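Letter by letter, the chains look like this.
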Amino acid sequence: MGDVFKALADPTRRAVLDELQERDDQTLFELCGRLAMKHQLSLSRQAVSQHLAVLEDAGLIATRRDGRYKYHSLDTTPLRAIAERWPIDTGEEPS
């Protein structure tokens, strides 16, 4: 679970996750363009690739290859594990 917190600690990685939440199944090239246009982040492809590797190691993104392209998708499974460990209190009394 520590890898998830480390991955989420970086604002650039959170922006990547936001982009994948908005539109899944993106290539590195597509993500670089969206980060530059929507978040004013001018990062090299190598820098974005390193952020993607951290997110993949934490289980927050899944990848698939199709020919020479690698597609990235959001995987919220690790976030569910956090919510189950520390449930969100809605302020309501249990019935």
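Residues numbered from 1 in each chain as written. Predicted model: local features only at pLDDT ≥ 70, side-chain atom pairs only at ≥ 80, totals over all residues. Heavy atoms only, no water.

Draft legend 1. Layout of the packing of helix 2 (residues 11-22) against helix 3 (residues 28-39). Remark: helix 2 packs on helix 3, axes separated minimally by 10 Å, with the N-to-C direction vectors making an angle of 105 degrees. Our classification of the angle between helix 2 and helix 3 gives roughly perpendicular. Here helix 2 contributes Ala 15, Val 16, Glu 19, Leu 20 and Glu 22 to the contact with helix 3, which in turn contributes Leu 31, Arg 34, Leu 35, Lys 38 and His 39. A class-by-class count of the residues in the contact of helix 2 with helix 3 yields five nonpolar, one polar and four charged. (Axes fitted to C-alpha atoms, helices over the stretch in contact; angles between N-to-C directions. Helix = DSSP H or I, 4+ residues; strand = E, 2+ residues; numbered from the N terminus. Parallel < 35°, antiparallel > 145°, perpendicular 65-115°, else oblique. Contact = heavy atoms within 4.5 Å. Nonpolar A, V, L, I, M, F, W, Y, C, P; charged D, E, K, R; others polar.)

Draft legend 2. Spatial organisation of the packing of helix 2 against helix 4 (residues 45-57). At a closest axis distance of 10 Å, the pairing of helix 2 and helix 4 adopts a crossing angle of 75 degrees. On the basis of their axis angle, the class for helix 2 and helix 4 is roughly perpendicular. For the pair formed by helix 2 and helix 4, the contact residues are Thr 12, Arg 13, Val 16 and Leu 17 on the first element and His 51, Leu 52, Val 54 and Leu 55 on the second. Here the residues of the contact of helix 2 with helix 4 are counted per class, giving five nonpolar, two polar and one charged.

Draft legend 3. Inspection of the confidence of the model for the protein chain at higher detail. With 96% of its residues at a pLDDT of at least 70, the protein chain reaches an overall mean of 92. Averaged pLDDT values for the elements of the protein chain fall to 88 in helix 5 (residues 77-85) and rise to 97 in strand 2 (residues 69-74). (pLDDT = per-residue confidence, 0-100.)

Draft legend 4. Summary view of the packing of aromatic side chains. Following the criterion strictly, the structure yields two aromatic pairs and no others. Between Phe 5 and Trp 86 the ring centres are 6.3 Å apart and the planes differ by 50 degrees, which places this aromatic pair in the tilted class. Taken together, the positions of Phe 5 in helix 1 (residues 2-9) and Trp 86 in the segment after helix 5 put the pair 81 residues apart, joining distant regions of the chain. Between Tyr 69 and Tyr 71, the ring centres sit 6.5 Å apart and the planes meet at 50 degrees, which makes this aromatic pair tilted. Judged by relative accessible area, which is 42%, Tyr 69 ranks as partly exposed. Take Tyr 71: its relative accessible area is 18%, and that puts it in the buried class. (Phe/Tyr/Trp six-rings, centres within 6.5 Å; stacked < 30°, edge-to-face > 60°. Buried < 20%, exposed > 50% of the residue type's maximum accessible area, 1.4 Å probe, protein only.)

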